[in-house]
Amino acid sequence: MPRHAAPAADVVAAARAGEHGALEELSSRTLPLVYSVAARAYPYRDDVDDIVQETMMRILRGIRGLERPEAFRSWVITITVNEVRDHIRRRGRRETTGAAFDAAEHRPDPAADFAEGVILNLRLSGQREESLRATRWLDEDDRELLSLWWLETAGRLARAELASALDMTGHQAAVRVQRMKERLHTSRVIVRALAARPACGELTRLTLDWNGAPSGLWRKRLGRHVRQCPRCVRHEEGMLAPEGLLAPLALLPVPAALLAWRPWLSAGTHAAAADHAGTAATSGGGGSATAGTAGTAGTSLTAKAVVAASALLAVGGGALVYTAPWSSPSARPATAPTASRPAPAPSPTASASPSRPAPVPGSAVSHPSPRPRYGSVVDTVDSAPPPDRPPAALPHRPQTTVTMTGLKKHLDGYQLVHRGDTVVLRGKGYFTVHWDVMYELRPGLLTMPSWTGLRGRLFHVASGGGHRMDDRQPGATAGGTWMGNRQQGLITLPPGAQQMWQNEYYYLDGSVTLHLNETQADYNLDVLPSSWQETADDIAALPAPHSADRERYGLVRDTGRDDAPVPQYTTRSTPTDAGTVPQRSVVS
């Protein structure tokens, strides 16, 4: 299990009982997440180590008051966010909205600014540097949200955990994230406009009485200008979506000094965890923390300079950065031995097994045909069939009803929109997954969806909708497909991924959960009930010119037997992070 993953329920339960080993493991798995949230949400890097220490103390002191172990990660994030807020209040920072800016000189110390230090130490270039500079223009609540959204974008948090940490519903969190992204976009344009040479004359006059410190008030003033100025508005051109820039900044490596010296795991802390169980801020449901602060660790790191320097290096050059699931060694399919890697010698067991007698020339030797084995056929990358090739006959499998359970109802099924959205399917019959790639909103590399917790059998029976997503889009400019174009951006697939069609058809006999694993590229999935007849009708519909919006006939994948293809990225287990499902289809 990766260090950033949620601890197992039995570990949380043992920690609640005060078991030393469980408290050690809980601390090791929790520390990187706490450090990453605190370092990004808190604007001054010199106190981050203190925030982490106090947060870990609160977590271990309050662990016995956590009633639902499955809510552990949400509870941890909530405590961390509250600790950051408390430190900001104690430092005397004013809220950065409305008249507060008019009443105060907001002059943060540049030497203590986290984003500025990152840029100076790492010499980040281009749009990543612009994005980090733009964070200085955000209000404190937006910086707090951005620190969580960074982790969500990189697959370290689910949207439900983000919402829980902010005490919001999923819909409220989605609205907050969208507004924060809009303000971040405005801030990026401001950063570009202020750095442009020659400078805009009107912008120069507008900033004559500005003290040079980014603030929410000046973001609003300068934002109005850059949106209305024909010269400044051009700085939006070529601006990449922030997801693609921020995803690699996912999880910060914990500084060595903080790892080596952890006062919250001292004998005194263990005693405090046992003696003061329930006194720390926890909710009855285990999903949030109350106001108030725990006592400090009683001492501080003597190597704060090491911690600060490590925090700076963490953002761009640390080891614990987001790695796409398809690039991990465990996700790669096995390959045949090459000349540079000789095949292993036969095992003694294999060499000792009796061999079949060689057939006599001219004699007929019959061998029983192997029975089709479920899951033995792997979906591999395939090319598009000729547009005018009619599909083969679709085998008819027995069907009753497939029921669905999800968050967002859509027509007769459900829609998956955000990373972590799921739909659970149960029953026997056909259903459709309709693809909607949002290249105009957020292009980039697409993290494919995955299927987990499979019980029974699941087949990929057909592809339709009139086109593959890499087909030419009617009315599009040269090179424009359903995956994007040069003007608005392109969405690309990871190596080994099968190009999806507009509609993908599946047959289920059992139960399975479909996950949307959105990271960089934006896409939605509509999961809808279907039938054998609806599937057969769609794939057999005529392509253009008979049907102007259809590029080609559909494709039958079902053999009618157990060796029919199964969906890509399927597992019978339920991993903590569905995005880490091995990128292959074998499920037997």
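Now for a description of the structure that goes with this document. (Residues numbered from 1 in each chain as written. Predicted model: local features only at pLDDT ≥ 70, side-chain atom pairs only at ≥ 80, totals over all residues. Heavy atoms only, no water.)

1. Thoughts on the overall build of the protein chain
Counting its regular elements, the protein chain contains 17 helices and eleven strands. Burial statistics for the protein chain: of 588 residues in total, 52% are counted as buried. Contacts in the protein chain between residues at least 24 apart in sequence constitute 80% of all its contacts with a sequence separation of at least 6. (Helix = DSSP H or I, 4+ residues; strand = E, 2+ residues; numbered from the N terminus. Buried < 20%, exposed > 50% of the residue type's maximum accessible area, 1.4 Å probe, protein only. Contact = heavy atoms within 4.5 Å.)

2. Structural notes on the pairing of strand 6 (residues 450–468)
Burial analysis of strand 6 places 16 of its 19 residues in the buried class, which makes it a mostly covered element. The pairing of strand 6 with strand 9 (residues 501–515) spans 13 bridges and is classified as antiparallel. Residue pairing across strands places Arg 468 opposite Trp 501, the latter belonging to strand 9. Of the pairings in the sheet, the one linking strand 6 to strand 11 (residues 555–556) comprises two bridges and is antiparallel in character. By the bridge assignment for strand 11, Ser 463 is matched with Leu 555. (Pairing = 2+ DSSP bridges.)

3. Overview of the nonpolar core
Membership of the largest hydrophobic core comes to 47 residues, with the highest contact counts inside it found for Leu 425, Phe 431, Trp 435, Val 437, Leu 446, Trp 451 and Leu 458. Contributing elements (two or more residues each) for this core: strand 1 (402–406), strand 3 (413–416), strand 4 (422–437), strand 6, strand 9, strand 10 (523–529) and helix 17 (532–539). Here this core takes seven residues from strand 4, the largest share from any one element. The residues touching Leu 458, leaving out its near neighbours within four places in the chain, are Tyr 374, Phe 431, Trp 451, Tyr 506, Tyr 507, Leu 508, Val 512, Pro 565, Val 566 and Pro 567. Formed by 36 residues, the second largest nonpolar core is a distinct cluster that contains Ala 134, Trp 137, Met 180 and Leu 203. (Core = buried A, V, L, I, M, F, W, Y, C linked by side-chain atoms within 4.5 Å.)

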